[in-house]
Amino acid sequence: MASGQLSREEALACSECRHACHVMLYSDTKTQLFGRIPIRHIILMQMRFDGLLGFPGGLVNPAEETLEAGLSRELLEEVGVALPVSVEDHVATCFAPASSPSSSSSRLILHFYVKKIEEEQIREVERAAASTATDHGLEVLGMVRVPLYTMKGGGGLGLFMSHTFIGNARSQLVDALLRFNLIAPKDLHKALTHSLKKHA
Ligand code: GTP
Ligand code: MN
Ligand code: MN
Ligand code: MN
Ligand code: MN
Ligand code: MN
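Residues numbered from 1 in each chain as written. Chains lettered and ligands numbered in written order. Predicted model: local features only at pLDDT ≥ 70, side-chain atom pairs only at ≥ 80, totals over all residues. Heavy atoms only, no water.

Asks: Explain the state of the cysteines here, please?
Replies: Here is the idea: a disulfide is a covalent bond, and it sits between the sulfur atoms of two cysteines. Within this structure, the stated rule accounts for 1 disulfide. One disulfide in the model links C14 with C17; its S-S distance is 2.0 Å. Around the S-S axis, the bridge from C14 to C17 shows a dihedral of about 80 degrees and counts as right-handed. Overall, the relative accessible area of 18% leaves C14 in the buried class. With a relative accessible area of 10%, C17 lands in the buried category. Between C21, a cysteine without a disulfide, and C94, which holds the nearest cysteine sulfur, the sulfur-to-sulfur distance is 12 Å. The exposure class of C21 is buried, given its relative accessible area of 0%. (Disulfide = S-S within 2.5 Å. Buried < 20%, exposed > 50% of the residue type's maximum accessible area, 1.4 Å probe, protein only.)

Shown next as C-alpha cells:
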C-alpha cells in the first residue's frame, strides 16, 4: 500500500473521523473526435460549485449508512442516478491533505472508488446529471469528460491536468488511469510533463 494510504477497515475504526466517498465512473468507447482521434474511454468528473474539478460523491456518516450506500446516495443527488457501488469498487483510502482549514477539528478521510459501466449508462448519467439531479446548478455546475489524447500543440490531457482540482482528486485520476490501463504510461507522462511546464 502506498504511503499515506490506509485500508477501508482501518479508516472505519476511527470513530471521531469524518468520511467522504467519491467515485470515478468510466466506460470504453469507440467514438472518435473529429472522426480520427480515438477517445478510447469516457471518464466522468464534475465542475464543483467552488470552481474546482472533482469526482461525484460526498460526505458519508458510517453511523447512519455504509460507505457504499452513502456514495450511492450522493450519486443520486449529484448525477441523478443511484448507481450501486460495492466494496469491490473501492481502490484507495487516505487522509485528506491538511491544507484546507476546517471548522471541525476531526480528521477527514477520503475513500476513492472506480466503477466501470457501459457507454450507454455513462450517457444516461450525463443526461440525468443535467436534468433530474437535485444538485444540478447548485453543488454541481456540470459533468465533464476527461480527454485522454494529446494533440499536436499539446491540447488534450495535459491542458486538462493544468486545471485546479479539489483535495487529491488530481492524483486519484492519475492513479486510476494507470491502475486500470486507461492510458499508456508514456503518454500519461508526456501529458503530465506538458501540464507541469504550463504551471512553471
Ligand atoms: P455537502 O452536501 O455540501 O456536504 O457536500 P458533499 O457531501 O457532496 O461533499 P463533497 O463532495 O464536497 O466532499 C467533501 C470533501 O471531500 C470536500 O470538502 C473535499 O475536501 C473532499 N473532496 C471532494 N471531492 C473530492 C474528490 O473528487 N476527491 C477527493 N480526494 N476529495 C474530494
Ligand atoms: Mn465542431
Ligand atoms: Mn453532495
Ligand atoms: Mn460532492
Ligand atoms: Mn452531502
Ligand atoms: Mn449536499
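Asks: Got a minute to help me understand the nonpolar core in this structure?
Replies: In globular proteins that are soluble, nonpolar side chains generally tend to be buried together. By size, the foremost hydrophobic cluster in this structure holds 26 residues, and its most contacted members are M24, I43, L173 and L177. Those elements giving two or more residues to this core turn out to be β1 (18–28), β4 (41–48), β7 (90–95), β8 (108–116), α4 (157–161), α5 (169–179) and α6 (185–199). Looking at this core element by element, the count peaks at 5 residues for α5. Excluding residues within four positions of it along the chain, L177 makes contact with I43, L148, L157, M161, L182, I183 and L188. Among the nonpolar cores identified, the runner-up in size contains 19 residues, and C21, L25, V81 and A129 belong to it. (Core = buried A, V, L, I, M, F, W, Y, C linked by side-chain atoms within 4.5 Å. Helix = DSSP H or I, 4+ residues; strand = E, 2+ residues; numbered from the N terminus. Contact = heavy atoms within 4.5 Å.)

Asks: Can you walk me through the packing of aromatic side chains in this structure?
Replies: Between two aromatic rings, the relevant description is the distance of the centres plus the angle of the planes. Applying the stated criterion to the full structure yields 3 aromatic pairs. Summarising the aromatic geometry, the rings of Y26 and F180 are spaced 6.2 Å apart at their centres and angled 50 degrees between planes, so their arrangement reads as tilted. Pair noted here: Y26 is in strand β1 and F180 is in the loop between α5 and α6, with a separation of 154 residues, a long-range link. Overall, the relative accessible area of 6% leaves Y26 in the buried class. (Phe/Tyr/Trp six-rings, centres within 6.5 Å; stacked < 30°, edge-to-face > 60°.)

Asks: Please explain the site of ligand 1 as it appears in this structure.
Replies: The local shell around ligand 1 holds 17 residues, among which F55, L59, E78, N168 and Q172 are the closest. Isolated, ligand 1 exposes 640 Å² of accessible area, and the fraction of that covered by the protein chains is 78%. Every element with two or more residues in the shell around ligand 1 is listed here: β1, β6 (57–60), α2 (67–79), β8 and α5. Here the shell around ligand 1 gets 3 residues from one element, more than from any other, and that element is β6. (Near = heavy atom within 4 Å. Areas by Shrake-Rupley, 256 points an atom, 1.4 Å probe, with all protein chains shown as cover.)

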